[in-house]
Amino acid sequence: MQTALNVYNSKSRQVEKFEPLNPPFVGLYVCGPTVYSEVHIGNVRTFSSFDLIYRYLLHLGYKVRYVRNITDVGHLLDDTSEDRISKKARLENIEPMEVVQRYTVDFHRTMEKFNALPPSIEPTATGHLIEQIELVQTILDKGLAYESNGSVYFDVEAYSKNENYGELSGRNVDELMANTRSLDGQSDKRHPADFALWKKAEPQHIMKWDSPWGKGFPGWHLECSVMSTKYLGRSFDIHGGGMDLKFPHHECEIAQNKAGFDEEPVKYWLHTNMLTFNGRKMAKSEGTGITPRELMEGDHPLLSQAYSPMTIRFFMLQAHYRSTLDFSNEALQAAEKGLKRLMTSIQDLSKLPTSDVSTVQIEDLSEKLYAAMNDDFNSPIAIAHLFEAVKWVNLIKDGKETITPNDRDSLATLMHAFVFDVMGLTDETSGDDTEKIDGLMEFVLQLRQEAKDNKNYGLSDTIRDRLKELGFEIKDGKEGTTYTMH
RNA sequence: GGUCUCGUGGCCGAGUGGCUAGGCAGAGCUCUGCAAAAGCUUGUACAGCGGUUCGAAUCCGCUCGAGACCUCCA
């Protein structure tokens, strides 16, 4: 490796050299979805970003344990005391676990389409209630939480005597504490800044469990503290999630961990940025965000066509994970064409003519690619360099540059590693029958060549047109005719 | 109102105190039976106004504009 990996740590707000706590092992925890509705494309971006990060860490040779939770309880709605999953279950008159199952499966299917690697462990909140209750008790025992009317709240004021609540999100505790905005009515909390560790369940509440404080359910932040600790240890390398989770979710997690386990839980905090659509924010509330399904089916008033998962993934990779990214029909079309060019070039690699000398510098390219990815996973720069390689391939094809057999192999290895392994792109045009189709096409193209040689252009054009209708595009080049599949 | 991020050429989107991002679209040329593809060349870009500097799109300040979060029993 020419350069070392550097990552931007949201907590220090600086780029830092990445040094795992226990190399070659890396612990990576990412906040997963709350499974109460179809994922929207913003969620997909977050998980695709972490997929890139996961893949690159693997590519560098790290032994990564990637934990991504499924939130299936405890995430309350804005304006009511109702759990998101409970509400959905009540509305559709089904079991909460049916809601969870339906949208978990949907989530998995969707991420699979986007070629995201599954995490090493995918724990659920409901599967870790005992551990959560234990942590609540521990924090209570330390005097950093209090019971109130069947619920347990984290005591931010007490915690702040020795710790800095707000260190992650840059918030000032005094200001938070001073915020005495009226809580429209009764609150069991001593202080507005306090947050729930355990919530008392009302009699009609469907999802509830026994606890030392009566029937209830865990607070939303608790599961991540518990599950990250259980599977990655009290202190681990990377914790990630969407920007919107920074506060309060991640801030609360840190506080819970420090209160319960007396250790700094996370070395590097990574946050991915949001998605906008036509310059306007993608509404997270139900129904207003655009879903992967709508994109893949082109089923949206603002889309002129369907876009394949790889086009969408490639489009996302062309922006840095910490920048907001604007979705638009036009931008997606551009990505589709760019991706096609990239894939065509990779198909051409193996057929490239070789010679005694190389006029292209594979080593240079390799260094640039690693440098880009080592700079906080800068995929857009890496892609820009990949297009340099595309240009080379085309020039070599035209005989304007040359390459040795060894260099050709190196280039192929490099391109495959970055495009397929690291970026996680797949060639959607090639299937298992590629070889058979290759032979078939060779034969058909030979017949067409004979027609051309006999100046029977009517026939040769008919062949070309028909093939195009079938999804095979013909290109007459100097060195003969080639084709691409769509 | 508070905290933070951002404002780059037709669109998307990188980046750095002085040197080409890249993709797509547009124009011209080469190749070609035609087409497609590919290659080459090309465009007024860095919100506005000041300041620092030999030099700033890149640093500082202000203005305008956009976005995220602000514990509301998340």
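Because the structure is predicted, anything quoted here is derived from the model rather than measured. (Residues numbered from 1 in each chain as written. Chains lettered and ligands numbered in written order. Predicted model: local features only at pLDDT ≥ 70, side-chain atom pairs only at ≥ 80, totals over all residues. Heavy atoms only, no water.)

1. Side note on the pairing of strand β7 (residues 195-200)
Here's step 1: For β7, a buried count of five out of six residues is recorded, marking the element as mostly surrounded by other parts of the structure.
Here's step 2: Here three bridges tie strand β6 (residues 151-154) to β7, and the two strands are oriented antiparallel to one another. Of the residues in β7, the one forming a bridge with valine 152 is tryptophan 198.
Here's step 3: Sheet topology note: the β7/strand β8 (residues 216-218) ladder contains three bridges and is antiparallel. In the sheet register, lysine 200 faces β8, and the bridge partner there is glycine 216. (Buried < 20%, exposed > 50% of the residue type's maximum accessible area, 1.4 Å probe, protein only. Helix = DSSP H or I, 4+ residues; strand = E, 2+ residues; numbered from the N terminus. Pairing = 2+ DSSP bridges.)

2. Brief notes about the packing of helix α1 (residues 41-59) against helix α14 (residues 405-422)
Here's step 1: Look at α1 against α14: their axes get within 9 Å of each other, and the N-to-C directions meet at 140°. Here α1 lies oblique to α14, going by the angle between them. Between α1 and α14, the contacting residues are Leu52, Arg55, Tyr56 and His59 on the first element and Ala417, Phe418, Phe420, Asp421 and Val422 on the second.
Here's step 2: Grouping the constituent residues of the contact of α1 with α14 by class yields six nonpolar, one polar and two charged. (Axes fitted to C-alpha atoms, helices over the stretch in contact; angles between N-to-C directions. Parallel < 35°, antiparallel > 145°, perpendicular 65-115°, else oblique. Contact = heavy atoms within 4.5 Å. Nonpolar A, V, L, I, M, F, W, Y, C, P; charged D, E, K, R; others polar.)

3. Some thoughts on the sheet that holds β8
Here's step 1: Strands sit in the order β5-β6-β7-β8 across an open sheet of four strands; the sheet is antiparallel. The open sheet has two edge strands with one neighbour each: β5 (145-148) and β8. Across the sheet, the axes of successive neighbouring strands diverge by a mean angle of 20°, strand direction being ignored.
Here's step 2: Each of β6 and β7 touches helix α8 (residues 246-261); the most contacted strand, β7, lies at about 85° to it.

4. Brief notes about empty space enclosed by the protein
Here's step 1: Scanning the entire structure with this criterion turns up one cavity of 30 Å³ or more.
Here's step 2: Lining the largest cavity we find Arg45, Ser48, Ser49, Leu52, Arg313, Met316, Leu317, Ala319, Tyr321 and Ser379.
Here's step 3: Of all the secondary structure elements, the ones that give two or more residues to the lining of the largest cavity are α1 and α10 (309-317).
Here's step 4: When its residues are assigned to classes, the lining of the largest cavity shows five nonpolar, three polar and two charged.
Here's step 5: Among the domains, domain 1 (6-272) and domain 2 (276-422) are the pair contributing at least three residues each to the lining of the largest cavity. (1 Å grid on protein atoms, 1.4 Å probe; cavity = no way out; pocket = protein on both sides within 12 Å on 5 of 7 lines; lining within 4 Å. Points joined across faces, edges and corners; volume = space filled by probe spheres on them. Domains from an automatic or database assignment.)

5. Some thoughts on the pattern of salt bridges
Here's step 1: If you walk through the whole model with that rule in mind, you get 21 salt bridges.
Here's step 2: A salt bridge links lysine 397 to aspartate 348; its shortest N-O distance comes to 2.9 Å. Residue lysine 397 is found in helix α13 (residues 379-397), and its partner aspartate 348 is found in helix α11 (residues 329-349); the two are separated by 49 residues along the sequence.
Here's step 3: Under the relative-accessibility criterion, lysine 397 is labelled partly exposed at 33%.
Here's step 4: Residue classification places aspartate 348 among the buried positions, given a relative accessible area of 9%.
Here's step 5: Linking arginine 464 and aspartate 461 is a salt bridge whose minimum nitrogen-to-oxygen distance equals 3.5 Å. Within this pair, arginine 464 and its partner aspartate 461 are both found in helix α16 (residues 457-469), separated by three residues, close to a single helical turn.
Here's step 6: Judged by relative accessible area, which is 32%, arginine 464 ranks as partly exposed.
Here's step 7: With a relative accessible area of 31%, aspartate 461 lands in the partly exposed category.
Here's step 8: Where salt bridges share partners, they join Lys11, Glu163, Glu167, Lys258 and Glu264 into one cluster. (Salt bridge = Lys/Arg side-chain N within 4 Å of Asp/Glu carboxyl O.)

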